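# Per-entry structural report
Here is how the chains run, residue by residue.
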Amino acid sequence: MLSLYTLGGTHVTADSGAALSGAASQKRVLSLLAILAIAGEAGLSRDKLIGVLWPEAEDERARHSLTQTLYVARRALGAEDLFILSPTSVRLNFGVLTCDVCAFEAELDAGELEAAVARYGGPFLDGFFLGSSAEFERWSASHRERLEARLAQSLGELASRAEAASEYARAVEWRRKLAALRPLDAAAVVRLMSALAGSGDRAGAIQQARLHAALLHHELELDPDPVVEALAARLRTDVSWEPSDSSAPASDTTPEVNVSDTAILPAIDERQPLHDEARMVPAQSSLGVARAIPELVLPLWVRWAVLSVVVLVLIGSGVLIGRARRAPTSQVHQLAVRQRVVVAPFRVAGASPSLGYLRDGVVELLSTRLADDSAARSIDAGAVLGAWRAAGLAPAMDVPRDAVVKLAERLGAERVVVGSAVGTPAHIILRAEVLVVPSGSVSAEASISGPVDSLTTLIDRLAGQLLAAEAGEDAQLALQTTRSLPALRDFLAGQAALRKLDYTAALRQYNAALARDSGFALAALQAATMADRLLDVAQLRRSLAVAWAHRDALNERDRLRLDTYVAAPFSAPASQLQQWSAWQRMIELAGSDADLGFALGWRILHDGALAGVADPRARTVEALRRSTLSDAHPPTRGLLASMGVVAIDSNPSVAMLGPLAPFVRWRAAIARSDTVARVHIRDTIFRLGPANLRAIALSSQYDGVATADGALATEYLAARATRLAERVDAMLAEHAGAVLHGRTGAALDVISRLERAQPGSFAAQRLRVLDALYGDGDSAVAVAAARELAVASGIGVRGSPAAALTSSESRDANLCVVGQWFSARGDSASARRAAVALRSRRGLAVAAVSASPAVCASMLNAALAVGARARDARSQLLHLDSLVLSPQVVGDLSTYAPLLLARLHERLGDVPGALAAVRRRAYMMDWPRYLAVMLREEARLSERAGDFPGMQRALEHYHSYREPAAETESPAPR
């Protein structure tokens, strides 16, 4: 077994562990091995390898160089099976050669962080250069930074785990490694100083500040970092708790960092530099409610950083809580930080004497839960208990509520939690209330009961109820959703963002909750709802899959909300009857609830035609109008305005129309032919976010309006894309626009760009075939693409090596498309093999241009039955007609299914059925690349069925994409 080392030094070793020399140490060989190691099991295309290693060479010469390097590597390492080759790609044979970077990332992915950190021998390809290729240097630098970032994140996570487990020496060890990795990063140094102080090594913490100052001066000629210096100043001061007279306000004798007493502390993200303003999350109030941060005179980054110091000092000093409880009052030492929330000792009168320990114990347990990792709640249980004793309040006293509130006010708190414990040694009941300081009014209350030996779980649930109630949610939410308090906090932050109509922020918080608890069904459902309103079908599909998998955790109301999207097992589409039934139950439930009415109207508008609803537009308006509060509900008013049902002012706000207000204003200007307003919107379109840009582009394509505006929105959507999925989506939008307007050459150009962006995914080949089948695409191009898909899917090619290298997801997508190609060409045997292979699959369509395998198999079987005039052909077709083929369930299949079903109906002589099928289309969901062809077919079928008004409407819509002179003769039914 050979081993490739790239972390630190770069070399290959034999079984003995000795580094190989000679040709095996050539830079070109090692660079090739490193690139393929990073690529993993997927490998890389030959074109990609050439682009990185020989970017300036002529094509033929570069290919020869790659072949020669592969040969040299095999000979030098003595392994003829070192590589697994195909005509288009190369990958390493990991049965012959292992690599440290592969193992490092595998351990990280598996959560084996300590093993991964131990394996990291240094920066990726450290000191390794390939002077003849600047592209290789860029590639290696990007992966060096990526791997170092993963290491830093892992070290931070290990340190956080150690701190949570009170393993302070281990925490210091991990913090030291992180600070050594990023010696100039003030955040890393501050966290190390806090860890050292928490472990009792204040001198060591102060020494770290001196070292950081010296390093800044030597490396960058900068003054000491103010954040680090502020923390060092704190640590140099030994502050004792000196309670003031009960009638006078509390005072501290030690100067404090100049931070506003009312400021709320920002979140600390272990993955981010402390000064990274762009990644700061919204501040939270005392128990999780969003709240504004007052302006200070310092620069923004300094304000955040100074506030973060206070948080980190709290974290570091938190380990002294236990000692503070047991120490005499005169020996209680803490950093002088005002408390935002305090937990008063619980009253245990009436409880079993054996539960007396809960009086102080709950303070520590509940304080820890309420002081979450965002540090929005600064709670020091030791300081609270010390103040309680210093005030002369004996453990057995039943302290009046107003006295508790006054003491909390002296501590600078905004909220105080009071409670009681009653029970037996085996069973306990905990009750708690959150009081507003200084009024003493109750802002939240909760109760929980259970066995004493499950006390920590009970405290978790009690804290969750308090957080939910304080955030304006039903306290029972915490008992029905997740056992993870951090996940609950993220979810509540999402709810707060939703109330502000910030769908993007809400979606981000719901996804964060799911990252903490992957089975959090309500967070998944809320994420799906936000994705739907943001018109993000890919995110919608992913979120619905999670929500459906855990739907038993939802209450009846939320299960019904889920059913409005997916009224059947998620692996298969719902029947029209099932979907109608779900929508009818929602109508009965909605009543005067404007949110539910909007959700129902939104779904009917988008999926109504797919479900066979007569006049979905009218039914949408009816659903939206059912609530008496609809006129005051911004999303409802915005949707009605975009449909032209209600008039709006020329410049509506988010508060009036919801987050898609710019899109609504644009749509309304088109409806009233307001050229001046449209020009203004077009001139400012570059300011819009992705949601409004996507809505404008989709509406332009679906409705055939303002083509120039839609193209501009698509252009800016592409410019805003940062992730590969976003870039692919923008290219699919551009491709759809080209196909709609009959620009075949432009569509092929976009597909070529897609192929370069996703080499080896076969999305481009699938598009070329589908364009020829359903979009007047180039048949010659499709023939070559279909041949590639056949090879990659293994249909007609026994033992195809390309099929073995293709992922199961891509293979399913390829089978679906090439099966349709074979069916259209009369090759029923190959089409049947594709259908058989797909029927056993139950995966979801998540890749670009992919479809639900099982539904695609049904479509292929129906096409084969119609082609063979089988007895059950009509019944198979009618079964497909009865299904709601929505994009969120069947994927890309919904883009062309109406055309295929219409053609099959027509081949059986059922013109009315064909016309109904081609009219069952989704609205404003995925990019409608074949809509123009569908309209042309609809007009032709309407004429055959004698529906001349319908024919006229379809033709008018069709001509909005293609002028009459550019029409081509309708292809014969297939």
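Located above this text is the structure these notes cover.
Overview of the structure. These figures come from a predicted structure and were not determined experimentally. (Residues numbered from 1 in each chain as written. Predicted model: local features only at pLDDT ≥ 70, side-chain atom pairs only at ≥ 80, totals over all residues. Heavy atoms only, no water.)

### Concerning the pattern of salt bridges
Oppositely charged side chains are able to pair whenever their charged atoms sit close together. To be explicit about the condition: One speaks of a salt bridge when a side-chain nitrogen belonging to Lys or Arg is within 4 Å of a carboxyl oxygen belonging to Asp or Glu. The helix and strand labels rest on DSSP assignments: H or I over at least four residues marks a helix, E over at least two residues marks a strand, and numbering proceeds from the N terminus. Think of it in three bands: residues with accessible area under 20% of the maximum for their type are buried, residues over 50% are exposed, and the middle band is partly exposed, with areas taken using a 1.4 Å probe on protein chains only.
Tallied over the entire structure, the rule returns 41 salt bridges. Note that Arg753 and Glu734 form a salt bridge whose closest N and O atoms lie 2.7 Å from each other. One end of the pair, Arg753, is in helix α33 (residues 744–757); the other, Glu734, is in helix α32 (residues 724–740), and 19 residues separate them in sequence. For Glu734, a relative accessible area of 37% gives the class partly exposed. A cluster of three or more residues bridged by salt bridges with shared partners is formed by Glu105, Asp109, Arg146 and Arg150.

### Looking at helix α45 (residues 948–959)
Since there are 3.6 residues in each turn of an α-helix, residues three or four apart along the chain are aligned in direction. For clarity, the cut-off: Each helix should span, by expectation, one fewer than its residue count multiplied by 1.5 Å. Throughout, the arc means the angular range of directions from the helix axis out to the C-beta atoms. Contact criterion: two residues are considered in contact whenever any of their non-hydrogen atoms come within 4.5 Å of each other. Whenever a nitrogen or oxygen atom comes within 3.5 Å of another N or O atom, the pair is scored as a polar contact, on the condition that within protein one atom can donate a hydrogen and the other can accept it, and that pairs from neighbouring residues in sequence are kept only if both atoms are in side chains.
Its 12 residues give α45 an end-to-end C-alpha distance of 16 Å, which sits within 8% of 16 Å, the value for a rise of 1.5 Å per residue. Within α45, the full set of buried residues consists of Gly950, Met951, Ala954 and Tyr958. Viewed along the axis of α45, the buried residues span an arc of 100°, placing them on a single side of the element. Exposed residues lying more than 90 degrees from the buried face of α45 are Pro949 and Arg953. In this fold, the buried residues of α45 make contact with α43 (911–919) and α44 (931–945). N-cap assignment for α45: the residue whose side-chain oxygen lies 3.0 Å from the backbone N of Gly950 is Asp947.

### Comments concerning a nonpolar patch on the surface
Note the threshold: Think of a patch as exposed residues, more than 30% relative accessible area, with no salt bridge, where like charges cluster within 9 Å and nonpolar side chains (Val, Leu, Ile, Met, Phe, Trp, Tyr) cluster within 5 Å. For the area figures, the Shrake-Rupley method with a 1.4 Å probe applies, and any residue is considered shielded solely by the protein chains shown.
Residues Leu184, Leu220 and Leu222 make up a contiguous nonpolar surface patch of roughly 250 Å² in combined accessible area. Note that Leu220 resides in helix α9 (residues 202–220).

### What about the state of the cysteines?
Convention followed: Pairs of cysteine sulfur atoms within 2.5 Å are identified as disulfides in what follows.
The full count for this structure, using the stated rule, is 2 disulfides. There is a disulfide in this structure between Cys99 and Cys102, and the S-S distance comes to 2.0 Å. The class of Cys102 is partly exposed, set by a relative accessible area of 23%. There is a disulfide in this structure between Cys816 and Cys856, and the S-S distance comes to 2.0 Å. Taking the torsion about the S-S bond as the criterion, the Cys816 to Cys856 disulfide, at about 95°, is right-handed. Of this pair, Cys816 sits in helix α37 (residues 808–824) while Cys856 sits in helix α39 (residues 853–867); the two residues are 40 residues apart in sequence, bridging distant segments of the chain.

### Structural notes on the side chain of Gln576
Structurally, Gln576 can be placed in helix α23 (residues 576–590). Residue Gln576 is classed as buried on the basis of its relative accessible area of 14%.

### Brief notes about the pairing of strand β10 (residues 442–451)
Filter applied, for reference: A pair of strands is considered paired only if DSSP assigns at least 2 bridges between the two.
Taken together, the 9 bridges between strand β9 (residues 427–436) and β10 define a ladder with antiparallel strand orientation. What sits directly across from His427, in β10, is Pro451. In this structure, the hairpin formed by β9 and β10 is closed by a connection of 5 residues, where Gly440 is found at a positive phi of approximately 85°.

### Comments concerning unusual backbone geometry
The phi torsion of most residues other than glycine is negative, and most of the peptide bonds are trans. Going from Val437 to Pro438, the amide bond is cis rather than trans, its omega being 10°. Locating Pro438 in the fold gives a position in the loop between β9 and β10. Located in the positive-phi region is Leu501, a residue other than glycine, with phi close to 65°. By secondary structure assignment, the location of Leu501 is in the loop between α18 (485–499) and α19 (503–516). For Arg869, which is not glycine, the phi dihedral falls at a positive 55°. In this fold, Arg869 is placed in the loop between α39 and α40 (873–881). Given a relative accessible area of 55%, Arg869 falls into the exposed group.

### Some thoughts on the side chain of Arg921
Mapped onto the fold, Arg921 is located in the loop between α43 and α44. Owing to a relative accessible area of 19%, Arg921 belongs among the buried residues under this scheme. Only 2.8 Å separates the side chain of Arg921 from the backbone oxygen of Val918, close enough to count as a polar contact. Among the polar contacts listed, one links the side chain of Arg921 to the side chain of Glu938, at a separation of 3.1 Å.

### Re the sheet that holds strand β7 (residues 341–343)
Formally: Fitting a line to C-alpha atoms yields each axis, with helices limited to the stretch in contact; the angle taken between N-to-C directions then spans 0 to 180 degrees.
Within the open sheet, the 4 strands sit side by side as β7-β8-β9-β10. Their pairing is mixed. Looking at which strands have only one partner, the edges of the open sheet turn out to be β7 and β10. The average undirected angle you get between the axes of adjacent strands in this sheet is 15°. Strands β7, β8 (415–423), β9 and β10 of the sheet are contacted by helix α15 (residues 401–410), whose axis makes an angle of about 135° with β8. Docked against the sheet, helix α16 (residues 455–470) engages β8, β9 and β10, running at close to 155° with respect to β10.

### Things to note about the sheet that holds strand β5 (residues 89–92)
In spatial order, the strands read β3-β5-β4; together these 3 strands make up an open sheet with antiparallel pairing. Of all strands in the sheet, those bounded by a partner on one side alone are β3 (44–45) and β4 (83–85). Taken together, the 2 bridges between β3 and β5 define a ladder with antiparallel strand orientation. Paired with Ser45 across the strands is Ser89, a residue of β5. Relative to β4, helix α3 (residues 59–77) is tilted by about 145°, and along the sheet it contacts β4 and β5.

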